[in-house]
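Understanding the architecture of this molecule
Listed below, chain by chain, are the residues.
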Amino acid sequence: YLQRKLSLSILFDVRNRLFEHIEYMDTRNFHEKSIGDFLSRITEDIQGIGEYINLLLQTLLMNVLMVVIIFSIAIVLEWKLTLISLVLVPLIIFSQKHYGKKIGKMFEVFRGLDAKFLNFLQQRLTLVSLIKIFSKEKYELDKQKKLSNALIEKDIEITKLNNFAAVVVSMLIFYSTLFVLWYG
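Values in this document were obtained by computation on a predicted structure and should not be read as measured data. Counting from 1, residues in each chain are numbered in the order their sequence is written. Where local features are concerned, this predicted model is filtered to residues with pLDDT of at least 70; where side-chain atom pairs are given and counted, the filter is 80 or more; whole-chain, interface and lining totals use all residues. Remark: hydrogens and water are excluded; side-chain values derive from all non-hydrogen atoms of the structure.

**Quick look at the overall build of the protein**
Our working definition: Helix and strand assignments come from DSSP, with helices taken as H or I runs of at least 4 residues and strands as E runs of at least 2, each series counted from the N terminus. Here the globule rule reads 2.2 Å times residues to the power 0.38, and the radius of gyration is calculated from C-alpha atoms. Remark: exposure states derive from per-residue accessible area (1.4 Å probe, protein chains only) relative to the maximum for the residue type, with buried under 20%, exposed over 50%, and partly exposed in between. The contact rule is simple, with two residues in contact once any of their heavy atoms fall within 4.5 Å. The method behind every accessible area is Shrake-Rupley, applied with a 1.4 Å probe, and residues are considered shielded solely by the protein chains displayed. In this charge count, Lys and Arg are treated as positive and Asp and Glu as negative; neither His nor the chain ends contribute. Taken as the charge location is NZ of Lys, CZ of Arg, CG of Asp or CD of Glu.
A tally of helices and strands in the protein yields seven helices and zero strands. For the protein, the succession of helices and strands along the chain, N to C, is α-α-α-α-α-α-α. By the compact-globule yardstick of 16 Å for 184 residues, the protein is too spread out, its C-alpha radius of gyration being 24 Å. Expressed as a percentage of the 184 residues in the protein, the buried residues total 22%. In the protein, of all internal contacts separated by at least 6 residues, the share reaching a separation of at least 24 is 84%. Carbon and sulfur atoms make up 68% of the accessible area of the protein, which totals about 14,000 Å². Here the protein contributes 23 positive and 18 negative side-chain charges, whose respective centroids are spaced 4 Å apart.

In C-alpha cells form, the structure reads like this:
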C-alpha cells in the first residue's frame, strides 16, 4: 500500500510539473514538433518513470539487501571461494552496460516511430471527414498499416536483443557458478 501510494504521488507530481513545463514552452516548439511527438514523450516518459519507481521500490531494494546478506554469509563461511566467485562480475557488468546502451538507442528509434504513428492518428482523426469525402480510406489505411508494422518490427528487434542480452548474462552466471562448484 505504502509503495503504491508513494509511487502514485511521485507520478502525480511529475505529471503536474510536466504539464506546467509544456504550458510555459515557447510556441515555436509546438510548430517544430508534432502533437504525436508530445503525446509519445508524455505517455512514454510518465510510464517509464512509473515502471522505474516500482522497480526501484520493489525489486532493487530487496535484491541489494539479499546480496549483502548472502555475500556476508559467504565471506564468513569460505572467503577464498567467495572472492573467486566474483571473478566474472566485471564481465556481467560490462555485458549489461553494452547491451543496455544498444537497447536504449533502439528504444529511441522506437519512440520516434511511436511519435510518428501517434501524429499520423491525430491528423487522420481530425481529417476523417475529408478522407471520406475524397475516398482515400484505403490509401490512409495502407499508410497506417506500414507505420504499425514498423512499430511492431522495432519492438520485436528490441525484444530479441533484450532476450539475447539476458542469455549472455545467464551464461556468464552459469559458468561462474560452474567454476565455483569445480574449484570448491
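Having put the structure on the table, let's press on.
**Regarding the pattern of salt bridges**
Counted only if it meets this: Take a side-chain nitrogen of Lys or Arg and a carboxyl oxygen of Asp or Glu: if they are within 4 Å of each other, that pair is a salt bridge.
Going through the model one piece at a time under the given rule, you end up with three salt bridges. Here Arg-17 makes a salt bridge to Asp-13, at a shortest N to O gap of 3.3 Å. Pair noted here: Arg-17 and Asp-13 are both in helix H1 (residues 2-23), with a separation of four residues, about one helical turn. For Asp-13, a relative accessible area of 35% gives the class partly exposed.

**Comments concerning helix H3 (residues 35-77)**
One turn of the α-helix equals 3.6 residues, which is why residues spaced by three or four share an orientation. To be explicit about the condition: To estimate how far a helix should extend, the number of its residues minus one is multiplied by 1.5 Å. Two axes enter the bend calculation: one fitted to the seven residues ending at the residue in question, the other to the seven starting there, and the bend is the angle between them.
For H3, which comprises 43 residues, the first-to-last C-alpha distance of 60 Å matches the rise-based estimate of 63 Å (1.5 Å per residue) to within 8%. Helix geometry: H3 is bent most strongly at Leu-56, by close to 40°. Among all positions in H3, only Gly-36, Phe-38, Ser-40, Glu-44, Ile-46, Gly-50 and Ile-53 are buried.

**Brief notes about a nonpolar patch on the surface**
As a reminder, the rule being used: Put simply, a patch holds well-exposed residues, over 30% relative accessible area, that have no salt bridge, with like charges counted together within 9 Å and Val, Leu, Ile, Met, Phe, Trp or Tyr side chains within 5 Å.
Nonpolar side chains collect at one region of the surface, where Val-67, Phe-71, Trp-79, Leu-83, Leu-86, Val-89 and Ile-93 lie side by side and expose about 620 Å² of accessible area between them. Elements with a minimum of two residues in the nonpolar patch: H3, helix H4 (79-85) and helix H5 (89-126). Assignment of secondary structure puts Leu-86 in the loop between H4 and H5.

**Considering the nonpolar core**
Let me state the cut-off plainly: What makes a nonpolar core is a set of buried Ala, Val, Leu, Ile, Met, Phe, Trp, Tyr and Cys residues whose side-chain atoms join them at distances within 4.5 Å.
One finds Tyr-99, Ile-103, Met-106, Phe-110, Phe-117, Phe-120, Leu-147, Leu-151, Ile-158, Leu-161 and Ala-165 forming the largest nonpolar core, which totals 11 residues. Those elements that place two or more of their residues in this core are H5 and helix H7 (137-183). The element contributing the most residues to this core is H5, with six residues. Sequence-distant contacts of Met-106, that is, excluding residues within four places in its chain, are made with Lys-154, Glu-157, Ile-158 and Leu-161.

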